[in-house]
Every structure is written in C-alpha cells, then in structure tokens.
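Observations on chain architecture
These are the residues of each chain, in order.
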Amino acid sequence: MEFKTSSDTISSISTDGIIVAYYEDSNSLSFDDAIKEIISLGDFTGKFKQKLMLYNVSGVTSKRVLLVGLGKKEEVDHEKIRVMASLGSRALRDLGVKNIAIEALNGDAMSTAEGVILGLYRFDELKTMDLDKLKTVDQITFVGNDEKAWNKGINVATGENHARRLAELPSNYATPTYVAEHAAELLKEFDNTKVEIHDEKWARKRKMGSFLSVTEGTDRPAKFLEMRYNGGEEGDKPLVLVGKGITFDTGGISLKPSAGMGNMRGDMGGAAAVIGAMYAIAANKLKVNVIGLTPLAENMPSSKATNPSDVVTASNGKTIQVDNTDAEGRLILADALVYAEEFKPHTVIDLATLTGAMMVALGNVYIGAFSRSDDLWKEIDNAGINTNQKFWRMPLDKSYRKQLKTPLADLNNVGGRAGGSCTAAIFLGEFIELERWAHLDIAGVAWTTSVEDYQPKGMTGKPVRALANLAENYSK
Ligand code: BES
Ligand code: MN
Ligand code: ZN
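Remember, predicted model here, so these are calculated numbers, not experimental data.

1. Considerations on the overall build of the protein
In terms of helices and strands, the protein carries 13 helices and 20 strands. Over its C-alpha trace the protein gives a radius of gyration of 24 Å, about what one expects of a compact globule, namely 23 Å for 476 residues. Dimensions of the protein, computed from the C-alpha atoms along their principal axes, are close to 80 × 50 × 40 Å. Going through the 476 residues of the protein one by one, you find that 57% of them count as buried. Across the protein, contacts joining residues at least 24 apart in sequence account for 77% of those joining residues at least 6 apart. By element, 49% of the accessible surface of the protein is carried by carbon and sulfur atoms, the whole surface being about 19700 Å². When the 56 basic and 63 acidic side-chain charges of the protein are each reduced to a single mean position, those positions are 2 Å apart.

So this is what it looks like as structure tokens:
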C-alpha cells in the first residue's frame, strides 16, 4: 500500500473513489445538488457511522464519492474521525477499489491518516490462498495542504501497525532473534538512531540472573534489545521505554492450561509497542532523547528450566524465589529496569502484558497505570485522552509488599491471588528507585476477539499512539 499526499482539490483528483465528510448539520459541498433528493428522502442524514455512495457526481473527477457521516459538527472529535476514515476506506476496499483519495475529515489530517492506515491493516502475510488478499488497496492519496499533519498520522499509525504485526507473528517466526533484528531493520532508515542487540553472554556479564532464569528452558537464545534515538540535545536526560518481550509464554514448569494458550504469542506486546513507538518517534523526528529496551525470551518447560522455588539473583543483587515460573514477565523486567536506571533517565515507563488479573479488573478498555509520581501519572493520563488509548491509575502501595515475603529469598515472584496486578507492580518497584517511573499493565488491551472500528481482530499494538504523544509532549 502506497501513501501519497496531494494539494489538489478532492473533486479534481482522479481515483477510483474519494471519501468526503458529511455532517448532520452545516454542509457546504460543491456537489450538494446531487444529494438533495437523497437527503430529503431521509435515507442518509450524515449521522455518525452512516455512509452513502454516489456515482457520476458532476464536478467530481473520481468514479465514486463515499460520504461518511460525522454527526453534528460541534460534536466531532479525533476518535470519530479515525472511525469514519477507517469505515470509509474499508467499505471501498471491500468493493475491490484499488485507488482511494480522502480529504482531511473535519480538517483533521492526522486522525484521518491514522484511521485509514489502522483500519486497513490486515495480517495476511502467512496466507498463500486467501481471497481477501485480492481486495487490497494499492494507493491512498491524502488530499489537502496539511502535509506535516498527514505525515505525523502516517508515521504514528505505521508504528502501531508494526507493533500489531510483531505481536501477531507466531513464536516460530517471531523468535527473540527475529524481533531484535527486525527492530534494527525498521529503525535503520532514520537519522539519530542506534540499535544494539545484546546476547546472553552480555546479560551474564551484567549479572542479569533474573532475566536469564526465564530463558533456561528454551533452545532459542534470548536477546536484550537496546534502541536509542537521539533527537534531543546531547546531554538531555532520556525517556526510557521498557517492554516485556516474551515471544511465547507457556508458563514454564508452572505450565499454563492449553485452552487459549496460543494468545501467548502476544506476550511480547509490550516490546512490540516499544519498537512501534520508537519507529513513530524517530520517523516524526521528535526533539527528544528516547531509549527503548526490550528483554526478549521464550518461557518454556524443559529439564533445564527453572523449577518452582528456585532462587535467582537479579542485577541489583536482590534474590528472588521463583515460586511460579508463569510469573516470568516481572523476572525479565526486573533486570531491564535496573539497566534502565543506568541511563540517568528523567522518566522510565515499562509496558507489559503482565497479569491476567489486570484483564479481570479493567477488561479490554483501560490500561492499568502504576506510578509513584503524580506528575507522570497526569502526563500519561493526558496522552491517553489525546489518543483514545486510555489509562486508569492503579495503586502502587507499600502495603502490598508483605504478600511478597518468602522464607528463602528477599522476595517471592508471586503474591497470591488478591491484588495480583498490584503485587506485580510492587515487585517491579523493587528494581527501580526513580520517582518518575510508571508501569503500564497492558494485558487486557493487547488483543481483541472482535473486529472494532479501526481494529481488526487480533493484536492491537496498543499503546503506540499514546507513547508517541507522550514523547511529543517532552519534545522541544
Ligand atoms: N503473560 C501472562 C499474563 C497474561 C495473562 C497476559 C492473560 C494476557 C492475558 C503472565 O506471564 C502470567 O502468566 N501471569 C500470571 C501471574 C501469576 C502466576 C501470578 C497470571 O496472571 O496468571
Ligand atoms: Mn506467564
Ligand atoms: Zn507472560
């Protein structure tokens, strides 16, 4: 799929179909006459989510005009624009249209581009005989003068699609090695980026015994991916993003039940979102220094795997009793957070599909956010509101710490059923001292089981847009 921007007018451009906004009130289309009758019959009123296809519209060069309803002009917001840009472009694609042009709906180029690109995304690269593949849009032209805003939306949505794809790819494709090398490949085209792929030897030298304990059971080598983007001034303290990268979570010796286990290919959704965000941030040339860290490993049972009650030592010297090998996310993040702090960051944010309990608490709507810093929480909350990838603050309270007490070591890696997401967050807090640290538990939102407005069934890539927005907020 090729994206173009054009400063032609939408009526003069020649494509197989154009998408134009229509309101319930206040319209001023050049071809208003063509639809007077349809409007007066009441078949189409411009209500949000309505669509109307017109053919042979005089004064319009393209073959088809798809009007998309945005509702009342006063009530239009970014999300409605994303939704209609998606539903409009999908409708044309489903007709087999190859070449689409769209105007900046309600003048909002960024949200329009996001809606189109996120809405048309499909994971079909592993299918060789899929008829849907024939219905693929080849070219989209974004029409209007706001080139900068178009590109912003294109880059952020493309970053989110990269995250979706990486999370969706099954574990025999998306091994730790593949994920790391692919991230390096994606960032190669941008200025000011540097990627290092560390191996297990490097991790051993740094005494990352907690991270390494998770990879004992698999023959696929673990990797520790370090991505740097220096868009800010030299010496500006960086924002560090840390993503959980379990390429498959069987649970290890504490084996998961088989039903639905395949979704655990998406247990690197945190890492995927960090990679997607790095892409978006670098592509948009934000004036900020950002480091992305993702420990990548596969959690497998075997004769060499960690056993329940084994004790491991993290890189800050703390000992951990691994009572449940299925609580592996916090083990790989522990060493990653210790490492993150070495960069003297102004902010550290980790993202992880960490606990099933998070899914139970907030469902697939809100991301749980834990932070010691009220300021950082407010910044994250705002980024969520700006992008409609919403966060809900969860308690990071020392009172949960006692659930992690254990006879054999400094702390246990599990704290019982009660407050499972809160004890996981407190566990992570043992490995980072920085006040401006936040832990985002994305377990509930990492995938969906139904098609949504601009989200196909499957891995969501959330919250790349929110992270990009947050980084923009720090950009000078
Ligand atoms: N990756 C899972 C968490 C998860 C579960 C994410 C469902 C998305 C959907 C994590 O590694 C895990 O297994 N967590 C355990 C922790 C428990 C053993 C304390 C869980 O939530 O059951
Ligand atoms: Mn697990
Ligand atoms: Zn996991």
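2. Examining the coordination of the manganese ion (ligand 2)
In an ideal tetrahedron of four donors about a metal, each angle is 109.5 degrees. In an ideal octahedron of six donors, the angles are 90 or 180 degrees. The manganese ion (ligand 2) binds to the protein through Asp249 (OD), Asp326 (O), Asp326 (OD) and Glu328 (OE); the donor distances cover 2.1 to 2.2 Å. Viewed at the metal, the 6 donor atoms of the manganese ion (ligand 2) are separated by angles of 71 to 169°, and the geometry they form is irregular. Sequence positions of the residues that donate to the manganese ion (ligand 2) give the spacing D-x76-D-x1-E. Here the manganese ion (ligand 2) and the zinc ion (ligand 3) are spaced 3.1 Å apart, with Asp249 acting as a shared donor. Classification of Asp326 as partly exposed rests on a relative accessible area of 22%.

3. A closer look at the coordination of the zinc ion (ligand 3)
Coordination of the zinc ion (ligand 3) by the protein involves Lys244 (NZ), Asp249 (OD), Asp267 (OD) and Glu328 (OE), with metal-donor separations of 2.0 to 2.4 Å. Of note is the zinc ion (ligand 3), whose 6 donor atoms meet at the metal with angles of 78 to 174° in an arrangement that counts as octahedral. In the primary structure, the donors to the zinc ion (ligand 3) are separated according to the pattern K-x4-D-x17-D-x60-E. Looking at Lys244, the relative accessible area reads 2%, which means it is buried.

4. Digging into the sheet that holds strand 13 (residues 319-322)
With respect to topology, 3 strands assemble into an open sheet ordered 12-13-17, the strand pairing being mixed. Looking at the sheet topology across the chains shown, the edges are occupied by strand 12 (310-313) and strand 17 (411-412). Taken together, the 4 bridges between strand 12 and strand 13 define a ladder with antiparallel strand orientation. Counted as the bridge partner of Val312 is Ile320 from strand 13.

5. Considerations on the sheet that holds strand 3 (residues 51-55)
With mixed pairing, 6 strands are arranged side by side in an open sheet as 1-6-5-2-4-3. Edge positions in the sheet fall to strand 1 (2-6) and strand 3, since each of these pairs with one other strand and no more. Across the sheet, the mean angle from the axis of one strand to that of its neighbour is 25°, orientation sign disregarded. When strand 2 (residues 17-22) meets strand 5 (residues 99-103), the two strands line up parallel, connected through 3 bridges. Note that in strand 5 the partner of Ile18 across the bridge is Ala101. Along the sheet face, helix 3 (residues 109-120) touches strand 1, strand 5 and strand 6 (139-143) and points at about 165° away from the line of strand 6. Lying over the sheet, helix 4 (residues 147-168) contacts strand 1, strand 5 and strand 6, oriented at roughly 165° with respect to strand 1.

6. Concerning the side chain of Asn413
Here Asn413 is to be found in the loop between strand 17 and helix 12 (420-429). Within the local environment of Asn413, its side chain forms a polar contact with the backbone oxygen of Ala327, the two atoms lying 3.1 Å apart. If sequence neighbours within four positions are ignored, Asn413 has contacts with Ile320, Gln321, Val322, Asp323, Asn324, Ala327, Arg330, Leu331 and Phe427.

7. Some words on the environment of Lys194
With respect to the helices and strands, Lys194 occurs in strand 7 (residues 193-198). A residue is classified by how much of its surface remains accessible, and Lys194, at 47% relative accessible area, is partly exposed. Considering only alpha carbons, one finds Lys194 and Gly419, 225 residues apart in sequence, at a separation of 39 Å.

Reading guide: rules and limits
- Residues numbered from 1 in each chain as written.
- Chains lettered and ligands numbered in written order.
- Predicted model: local features only at pLDDT ≥ 70, side-chain atom pairs only at ≥ 80, totals over all residues.
- Heavy atoms only, no water.
- Helix = DSSP H or I, 4+ residues; strand = E, 2+ residues; numbered from the N terminus.
- Rg over C-alpha atoms; globule rule 2.2 N^0.38 Å.
- Buried < 20%, exposed > 50% of the residue type's maximum accessible area, 1.4 Å probe, protein only.
- Contact = heavy atoms within 4.5 Å.
- Areas by Shrake-Rupley, 256 points an atom, 1.4 Å probe, with all protein chains shown as cover.
- Lys, Arg positive; Asp, Glu negative; His and termini not counted.
- Charge placed at Lys NZ, Arg CZ, Asp CG, Glu CD.
- Donors = N, O, S within 2.8 Å, 3.2 Å for Na, K, Ca; no water.
- Tetrahedral: all angles 85-135°; square planar, octahedral: opposite > 155°, others 65-115°.
- Pairing = 2+ DSSP bridges.
- Axes fitted to C-alpha atoms, helices over the stretch in contact; angles between N-to-C directions.
- Polar contact = N/O pair within 3.5 Å; in protein donor to acceptor, adjacent residues only side chain to side chain.

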